[in-house]
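Below are the chains, spelled out letter by letter.
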Amino acid sequence: MDALDVALVEALRAHPRAGDLELSRLTKVARATVQSRLAKMESAGIITGYGPDVDLVAAGHPVLAFATLEIAQGALEAVADELESLPNVLDAYVTSGSADVVCKIAATSHEDLQATLLHISKSGSVVRSTSVIVLSELVHPRVLPMLARDAEAPKRAPAYR
């Protein structure tokens, strides 16, 4: 990704309903360039969707937690199926270290969270689970600062600049 790609993603983040013409005005490039760049980023899998961002608290799920799971040897697929069956599990990642899986869980209440955690702990594939409740969000989910930094980094060795 270069600086123009990052500018397009930034413009889309700031104006998610903008069309190609509006994006071309915001980024000061031709509409055909906007269309071409967006198509390239979509086909490369960089841009994966245009869905709306959802505020979980406003949607009635004010309790957020992270759970770490230690799973039985060879039970990764079973745990994946189990977690996917639970609508409160927002995402899950296979990790290194003492935990095998880390998942993010949203709930309508502490009781709802407890029910989800108990369901997970009753799974025959989960050996041990630990959870922490989120008190507040310190850094909002983001990718743009990293992409902007990478777009500014030199792409060639100093001797060739």
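Residues numbered from 1 in each chain as written. Predicted model: local features only at pLDDT ≥ 70, side-chain atom pairs only at ≥ 80, totals over all residues. Heavy atoms only, no water.

Can you help me understand the nonpolar core in this one?
As a rule of thumb, soluble globular proteins bury nonpolar side chains together. Of all hydrophobic cores here, the largest spans 17 residues; its most connected members are L69, L83, V89, C103, I105, L113 and I120. At the level of elements, β1 (63–71), α4 (76–84), β3 (101–107) and α5 (110–121) are the ones that each hand at least two residues to this core. At five residues, β1 tops the list of elements feeding residues into this core. Setting aside residues up to four positions removed in sequence, V89 forms contacts with L83, C103, K104, I105 and I120. Among the nonpolar cores identified, the runner-up in size contains twelve residues, and L12, V34, M41 and L144 belong to it. (Core = buried A, V, L, I, M, F, W, Y, C linked by side-chain atoms within 4.5 Å. Buried < 20%, exposed > 50% of the residue type's maximum accessible area, 1.4 Å probe, protein only. Helix = DSSP H or I, 4+ residues; strand = E, 2+ residues; numbered from the N terminus. Contact = heavy atoms within 4.5 Å.)

Before we go on, may I ask you to explain the layout of surface pockets in this structure?
Summary: where empty space remains is shown by rolling a probe the size of a single water molecule over the atoms. Estimates place the volume of the largest pocket at around 740 Å³. Considering the residues around the largest pocket, the lining is formed by 21 residues, among which L56, L64, K104, E137 and P141 are closest to the centre. Computed from the structure, the second largest pocket encloses a volume of approximately 620 Å³. What lines the second largest pocket is a set of 17 residues, among which V9, R13, I47, G49 and Y50 lie closest to the centre. For the lining of the second largest pocket, the elements supplying multiple residues, two or more each, are α1 (3–14) and α6 (144–152). No other element matches α1, which puts three residues into the lining of the second largest pocket. (1 Å grid on protein atoms, 1.4 Å probe; cavity = no way out; pocket = protein on both sides within 12 Å on 5 of 7 lines; lining within 4 Å. Points joined across faces, edges and corners; volume = space filled by probe spheres on them.)

Hey, could you run me through α6 in this one?
An α-helical turn contains 3.6 residues, so any two residues separated by three or four positions project in the same direction. By the burial criterion, the buried members of α6 are L144, L147 and A151. In a view along the axis of α6, the buried residues occupy a sector of 65°, so they form one face of it. Those residues of α6 that are exposed and angled more than 90 degrees off the buried face are R149 and E152. Check the buried side of α6 and you find it contacts α1. (Arc of directions from axis to C-beta.)

Any chance you could explain the pattern of salt bridges here in plain terms?
Note that side chains of opposite charge can pair when their charged atoms are close. Counted by the stated rule, this structure contains six salt bridges. A salt bridge links D2 to R37; the nearest nitrogen and oxygen atoms lie 2.8 Å apart. Here R37 lies in helix α3 (residues 31–43) and D2 lies in the segment before α1, a separation of 35 residues in the sequence. As a salt-bridge pair, D150 and R149 come within 2.7 Å of each other at their nearest N and O atoms. The partly exposed category is assigned to D150, whose relative accessible area is 31%. (Salt bridge = Lys/Arg side-chain N within 4 Å of Asp/Glu carboxyl O.)

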